[in-house]
Amino acid sequence: MTGPEAPGLLDGPLSPARPLRASGTLFAFALDTFRALPRRPFQLREFVQQTWFVASVTILPTALVAIPFGAVIALQLGSLTRQLGAQSFTGSASVLAVLREASPIVTALLIAGAGGSAICADLGARKIRDEIDAMEVLGINPIQRLVVPRVLAAMLVATLLNGLVSVVGVAGGYFFNVVLQGGTPGAYLASFGALAQVEDFWSGEIKALVFGLIAGIVASYKGLRAGGGPKGVGDAVNQSVVITFLLLFAVNFVMTAIYFQLVPPKGQ
Amino acid sequence: MGVAVQVEGLTKSFGSQNIWSDVTLTLPPGEISVLLGPSGTGKSVFLKSLVGLLKPERGSIVISDTDIVRCGEQRLYEVRKLFGVLFQDGALFGSMNLFDNIAFPLREHTRKGESEVRRIVLEKMDMVGLQGAEGKLPGEISGGMRKRAGLARALVLDPEIILFDEPDSGLDPVRVAYLNQLIVDLNAQIDATFLIVTHDIGTARTVPDNLGLLYRKHLAMFGPREQLLTSQEPVVQQFLNGRREGPIGMSEEKDVAQVEAEMAALQARGGDRHNGVGPKGAVGGDAVPPQLDPSPGLPERRAQRRRQERVARMLHDFDPATADAIRASLPADLLAQVDAGVFAPTVGAHGRHWDPTQAVGVLPGPRDGR
Ligand SMILES: Nc1ncnc2c1ncn2[C@@H]1O[C@H](COP(=O)(O)OP(=O)(O)OP(=O)(O)O)[C@@H](O)[C@H]1O
Ligand SMILES: [Mg+2]
């Protein structure tokens, strides 16, 4: 072909190829990150700092969200089981709801909303100040240097947060059920043991690990591609949170479906 | 000796927006070149392309036998070690203090002990006038200090090619004068290849060996300093004299009739030489001021002799005004050789007038001897 061509379907802002290309570059970025993972020297200092940083921006909001979340589930289930006459199962039902779903979802929201946005804003600010370019010119690969420790930190903190949410959620459920709704402690704990199994906890942890991975990668990807001054950083943070949410909820659905295929429910 | 940078037919676009196309120039080894151009013509993009941070779609950039437009990532990281880059805003790492910023390349790429690192860092900080500021964070210092710290960081690994993106912006005139002297002194000491992007006409007139102007998505002109300073090209004249009269408008091009009227009015006032002083050191019409020399006590710039031989060889290409200006800068022995017809046109050098394979400072034999 010669000469300039008229813009076709594949050019311009409405082109159907655009989302494909965007997800392609995101996956390429994720692959680059995996490839940089085993590369020495591992940035231990950066990893510890980032873990501390992500934890410090997420722990308090997570605890504050987890208490009402556990309470809402306990209230809903408490009245539902009373209507069905299955009051003795309130404990197990609320534990299952918290362990299997609520806690990974709360973790996801906070890892993406608080941790991811902070990572993205940090990297974006460095990008527009040319720090990332300067680093590359000095012969340092920013993916190995900055992205890998951040993604690992997000994963570690996500699993820790998931444990935190589980404990706080279950404790909150117990408090509401036993103290406020007049349930009996014995029935709560007994039904807990009857239906819940340790796989529920592990599935939540694995979910949290994957959520941390996704949040870390999307936040780093968006941050390192920020452009156009301070507004560009704001846009990047906004997009990173939205994209992470969309991905997390989709992945959560898939992982839940797989879980029910793999782990038989107790008591069958 | 510094390393040559050969750029051929380089074209860069972002999406459908073309930034510049078909840029061809050679930065001769060890020489200082200045690139001028109106804001937004892609000078920073050009610098970033030279270090491989942006990938042009077409053309080549050859640095020590590697085309960095097409080479692999591993090789690119190798070639980048030749570079020191001063970014437009210093690009210091915000989380580290100035000492750690400047020590960063040493700690990453060398096995020097901490006392050796300290010695080098303090020496470079002293060089750029930042003694005593080691503990400051980049957010706590002025823009001019950030710039000088960025320069110190660019220098610690003894680079062969140094790129400056607007070293003078945000500095007061006295600091600019010191910085220009520092650039010339550095060049005399390390003989690296320098490329400076600047808007400061005073710097462009007195510091470099070569001058270039990027305009309307093209390299309008690139050549020895004298070529641009004596050029009759309206765009070059307008830019070097920092005046409104001429083809360059505030935001876009002007129509021809308006430009002609403006130029007529300028001539009526006596032309550029009598137009008074323009902004950013623009003064003097097509006069060629003397080039800045290294400070007393420093060695002579080794690039100076190389350049004299190089431009002597291209004298016949220039119009008389430029040739006269260049002759005025040549030493008597070279002039005698020029007049004796020693220098043949460098055929097939693509306007480079400089032979990369040739030994430093050695004159080619007489024409019939080659
Ligand atoms: N990463 C990028 N993506 C898209 N467009 C870009 C990018 N970087 C630069 N541009 C565009 O390229 C053009 C040239 O920008 P550049 O910063 O190189 O100009 P400049 O000549 O350095 O200007 P100034 O003298 O103001 O520094 C601008 O129009 C800018 O919008
Ligand atoms: Mg610029």
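Rules of the game
Residues numbered from 1 in each chain as written. Chains lettered and ligands numbered in written order. Predicted model: local features only at pLDDT ≥ 70, side-chain atom pairs only at ≥ 80, totals over all residues. Heavy atoms only, no water. Helix = DSSP H or I, 4+ residues; strand = E, 2+ residues; numbered from the N terminus. Buried < 20%, exposed > 50% of the residue type's maximum accessible area, 1.4 Å probe, protein only. Contact = heavy atoms within 4.5 Å. Areas by Shrake-Rupley, 256 points an atom, 1.4 Å probe, with all protein chains shown as cover. Lys, Arg positive; Asp, Glu negative; His and termini not counted. Charge placed at Lys NZ, Arg CZ, Asp CG, Glu CD. Donors = N, O, S within 2.8 Å, 3.2 Å for Na, K, Ca; no water. Expected span 1.5 Å × (residues − 1). Arc of directions from axis to C-beta. Pairing = 2+ DSSP bridges. pLDDT = per-residue confidence, 0-100. Axes fitted to C-alpha atoms, helices over the stretch in contact; angles between N-to-C directions. Parallel < 35°, antiparallel > 145°, perpendicular 65-115°, else oblique. Left-handed = near helix turned anticlockwise from the far one by under 90°. Nonpolar A, V, L, I, M, F, W, Y, C, P; charged D, E, K, R; others polar. UniProt positions renumbered as here; feature names shortened; annotations may be inferred.

A. Representation of the overall build of chain A within the structure. Across its full length, chain A holds eight helices and zero strands. In sequence order, chain A lays out its α and β elements as α-α-α-α-α-α-α-α. Projecting the C-alpha coordinates of chain A onto the three principal axes gives extents of approximately 75 × 45 × 35 Å. For chain A, with 268 residues in total, the buried portion stands at 49%. Restricting to contacts in chain A with at least 6 residues of sequence separation, those with at least 24 account for 85%. Surface accessibility of chain A: about 13,300 Å² in total, with carbon and sulfur atoms responsible for 72%. Chain A carries 18 positive and 14 negative side-chain charges, and their two centres are separated by 4 Å.

B. How the structure looks around the environment of Val156(B). All names here are of chain B. Mapped onto the secondary structure, Val-156 falls in the loop between α5 (143-155) and β7 (161-165). Considered as a pair, Val-156 and Leu-106 are 50 residues apart in the sequence and their alpha carbons are 7.0 Å apart. Once you skip the residues sitting within four places of it in the chain, Val-156 turns out to touch Ile-102, Pro-105, Leu-106, Ile-120 and Lys-124.

C. Just the coordination of the magnesium ion (ligand 2), in detail. Residues and elements named next belong to chain B. Every protein donor of the magnesium ion (ligand 2) is accounted for by Ser-44 (OG) and Gln-88 (OE1), and the metal-donor separations fall at 1.9 to 2.5 Å. Note that Ser-44 is positioned in helix α1 (residues 43-50) and Gln-88 in the loop between β6 (83-86) and α3 (98-109), a separation of 44 residues in sequence. With a relative accessible area of 24%, Ser-44 lands in the partly exposed category.

D. Quick peek at helix α10 (residues 256-268) of chain B. All names here are of chain B. Given a rise of 1.5 Å per residue, 13 residues ought to cover 18 Å, and the 18 Å separating the end C-alpha atoms of α10 matches this to within 8%. What α10 keeps buried is the set Val-259, Glu-262 and Leu-266. Buried positions in α10, seen along its axis, are confined to an arc of 65° and lie on one side of it. Residues Val-256, Ala-257, Glu-260, Gln-267 and Ala-268 are exposed on α10 and point more than 90 degrees away from its buried face. Immediately downstream of α10, the backbone of Gly-270 shows phi near 110°, a positive value.

E. Up close: the sheet that holds strand β1 (residues 5-14) of chain B. Residues and elements named next belong to chain B. One open sheet holds the four strands; their spatial order is β2-β1-β4-β5, and the pairing between them is antiparallel. Unpaired on one side and paired on the other, β2 (17-27) and β5 (66-67) mark the two borders of the sheet. Sheet topology note: the β1/strand β4 (residues 58-63) ladder contains five bridges and is antiparallel. Across the sheet, Glu-8 pairs through a bridge with Ser-60, a residue of β4.

F. The arrangement of the confidence of the model for chain A in detail. Predicted confidence across chain A gives a mean pLDDT of 84, with 94% of residues reaching 70 or more. Taken element by element, chain A is modelled with least confidence in helix α6 (residues 185-195) of chain A, mean pLDDT 76, and with most confidence in helix α4 (residues 131-137) of chain A, mean pLDDT 91.

G. Focus on the packing of α3(B) against α5(B). All names here are of chain B. Contact geometry of α3 with α5 gives a least axis separation of 7 Å together with a crossing angle of 25°. The angle between α3 and α5 places the two elements in the roughly parallel class. The hand of the α3/α5 crossing is right-handed. When α3 is examined against α5, the residues Leu-98, Asn-101, Ile-102 and Pro-105 are found in contact with a partner set consisting of Ala-149, Ala-152 and Arg-153. Looking at the contact of α3 with α5 residue by residue, the class counts come to five nonpolar, one polar and one charged.

H. View of the UniProt feature "transmembrane region" (unreviewed entry) in chain A. Residues and elements named next belong to chain A. Under the feature "transmembrane region" (unreviewed entry), the UniProt entry names residues 50-75, 105-125, 146-168, 174-196, 208-224 and 236-260. Structurally, residues 174-196 comprises 78% helix and 0% strand, and the distance from its first C-alpha atom to its last is 15 Å. Across residues 236-260, the secondary structure splits into 100% helix and 0% strand, with the terminal C-alpha atoms separated by 36 Å.

I. Unusual backbone geometry, seen in detail. One non-glycine residue, Asp130(A), adopts positive backbone phi at about 70°. Note on placement: Asp130(A) falls in the loop between α3 (90-128) and α4. Under the relative-accessibility criterion, Asp130(A) is labelled buried at 14%. In this structure, Ser64(B) takes a positive phi of about 35° despite not being glycine. For Ser64(B), the location among the structural elements is in the loop between β4 and β5. According to the relative accessible area criterion, Ser64(B) is partly exposed, its value standing at 36%.

J. Quick look at the packing of α3(B) against helix α4 (residues 114-127) of chain B. All names here are of chain B. At their nearest, the axes of α3 and α4 sit 9 Å apart, and the two run at 120° to each other. On the basis of the axis angle, α3 is oblique to α4. Crossing angle aside, the handedness with which α3 passes α4 is right-handed. For the pair α3 and α4, contact is made by Leu-98, Phe-99, Ile-102, Ala-103, Leu-106 and Arg-107 and by Glu-114, Val-117, Arg-118, Ile-120, Val-121, Leu-122 and Met-125, respectively. Per-class residue counts for the contact of α3 with α4 are 10 nonpolar, no polar and three charged.

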